[in-house]
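Single-letter residue listing:
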Amino acid sequence: MNDTTTINAKEEALLARFEEKVQNGDAIEPRDWMPEKYRKHLIRQISQHAHSEVIGMQPEGNWVTRAPSLRAKQILLAKIQDEGGHGLYLYSACETLGISREEMIEQLQSGKAKYSNIFNYQTLNWADIGAVGWLVDGAAIVNQVSLQRTSYAPYSRAMVRICKEESFHQRQGYEIMAEMAKGTPEQSEMAQDALNRWWWPSLMMFGPHDGDSPRSADAFRWKIKRQTNDELRQKFIDKTVQQAEVIGLTIPDPDLKWNEEKQCYDYGKINWEEFNQVINGNGPCNKQRIDHHKRVHTEGAWVREAAEAYRLKTQNN
Ligand code: FAQ
């Protein structure tokens, strides 16, 4: 037996052990052996998730100084800080896979790494802040609750923590929408208009339909994903249609219809051409979001340098 055969046999045994663990529903920890493809798949997904949380602070941050009351401002500030915190948990989880924060930031800023389609749309008025909380956080929760059972333990632990905070976010958005929907005719019109603009991009957040999702096969094999893009999208639609009815708003989809047999809503066609444009850098705000990230990252260099100097000083003492 030569060296290569021995190495291959060893690798195969490790792979078999890994597959068995995943199939048994055991969690994979950073110290465990894992196939390179699994590690890369996770780096892609977790880093893109982290970037989404951080870029997602921008459309909301835009409204902090224009919140209509001190209470609204405090709540919005707390929510945005939470999103920054979610980004940090996720970057840390991703670092356990052997990629540095600097590399991840470089991939985001160079356009190599994606972030959620949804944050490339403008928040035009206060009703949009309601729609983001209600729909965007609402969609994020449905996806993230499912990811709490993902096979990679640091990602799963981050999801448990994040989900607790996300439900507060969804409620603050729904409260804004409910208040506006029962306000003056102009306010209720603004709420409906925000729903009209955010509904379809929110459905796109779940990714392409199952048959068109190239990453899903590996994600299921390794139990990274537990439910398909379409299953999660359907869950979100069924929940949200009822919430819209309660506050008297109309979902902007003429094909939306309760399907008695399937016990869920049928819905209209999603514009995947728009989705592809947006995730490939050509949405209404892609350039603005990345330019802003680059500028703030450069301006914040001194904070990172100071933190590093402090770390070295305390380490040497
Ligand atoms: N946007 O084969 P699949 C939040 C890409 S957090 C952009 O189905 P996969 C909190 C996908 O990356 C929101 N790109 O891929 C908040 C792939 O391209 P790639 C973020 C998308 O990974 C609220 C290609 O299309 N949440 O909102 C999107 O199996 C308010 C093919 O797709 C997460 O990231 C999209 N929507 O499934 C913060 C959850 N969908 O990478 C602030 C974790 C697909 O090969 C304010 N991620 N693509 O170049 C996931 O669950 C999955 O990665 C999916 C995509 C479901 C997003």
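Residues numbered from 1 in each chain as written. Predicted model: local features only at pLDDT ≥ 70, side-chain atom pairs only at ≥ 80, totals over all residues. Heavy atoms only, no water.

Observations regarding the overall build of the protein
For the protein, the helix and strand inventory stands at 13 helices and two strands. The buried share among the 317 residues of the protein stands at 49%. Split by element, the accessible area of the protein, about 16600 Å² in all, is 53% carbon and sulfur. The distance from the centre of the 40 positive side-chain charges to the centre of the 44 negative ones in the protein is 4 Å. (Helix = DSSP H or I, 4+ residues; strand = E, 2+ residues; numbered from the N terminus. Buried < 20%, exposed > 50% of the residue type's maximum accessible area, 1.4 Å probe, protein only. Areas by Shrake-Rupley, 256 points an atom, 1.4 Å probe, with all protein chains shown as cover. Lys, Arg positive; Asp, Glu negative; His and termini not counted. Charge placed at Lys NZ, Arg CZ, Asp CG, Glu CD.)

Thoughts on the layout of surface pockets
Quantified by volume, the second largest pocket comes out at close to 810 Å³. Lining of the second largest pocket is provided by 21 residues; of these, Val 54, His 293, Val 296, His 297 and Arg 304 occupy positions nearest its centre. Across the lining of the second largest pocket, the residue classes break down as ten nonpolar, eight polar and three charged. (1 Å grid on protein atoms, 1.4 Å probe; cavity = no way out; pocket = protein on both sides within 12 Å on 5 of 7 lines; lining within 4 Å. Points joined across faces, edges and corners; volume = space filled by probe spheres on them. Nonpolar A, V, L, I, M, F, W, Y, C, P; charged D, E, K, R; others polar.)

With respect to the packing of aromatic side chains
On inspection of all chains with the given rule, the structure shows nine aromatic pairs. Note on Phe 18 and Trp 33: the rings are 6.4 Å apart at their centroids and 80 degrees apart in plane angle, and the pair reads as edge-to-face. With Phe 18 in helix α1 (residues 3–23) and Trp 33 in the loop between α1 and α2 (36–55), this residue pair connects regions lying 15 residues apart in the sequence. A relative accessible area of 30% places Trp 33 in the partly exposed class. Through successive ring pairs, a cluster of aromatic residues spans Phe 18, Trp 33, Tyr 38 and Trp 222. The residue whose ring lies beneath Arg 66 is Trp 63, and the NZ or CZ to ring-centre distance is 4.1 Å. (Phe/Tyr/Trp six-rings, centres within 6.5 Å; stacked < 30°, edge-to-face > 60°. Lys NZ or Arg CZ within 6 Å of the ring centre and 35° of its normal.)

Brief notes about the pattern of salt bridges
For the coordinates displayed, the defined rule picks out 20 salt bridges. A salt bridge links Asp 32 to Lys 21, with the shortest nitrogen-to-oxygen separation between them at 3.1 Å. In this pair, Asp 32 is assigned in the loop between α1 and α2 and Lys 21 in helix α1, connecting sequence segments eleven residues apart. On the basis of relative accessibility, which here comes to 18%, the residue Asp 32 falls in the buried class. For Lys 21, a relative accessible area of 16% puts it in the buried group. The shortest N-O distance in the salt bridge between Asp 291 and Lys 287 comes to 2.6 Å. Placement of the pair is Asp 291 and Lys 287 together in helix α12 (residues 286–299), with a separation of four residues, close to one helical turn. The exposure class assigned to Asp 291 is partly exposed, which follows from its relative accessible area of 35%. Of the residues examined, Lys 287 reaches a relative accessible area of 62% and is grouped as exposed. (Salt bridge = Lys/Arg side-chain N within 4 Å of Asp/Glu carboxyl O.)

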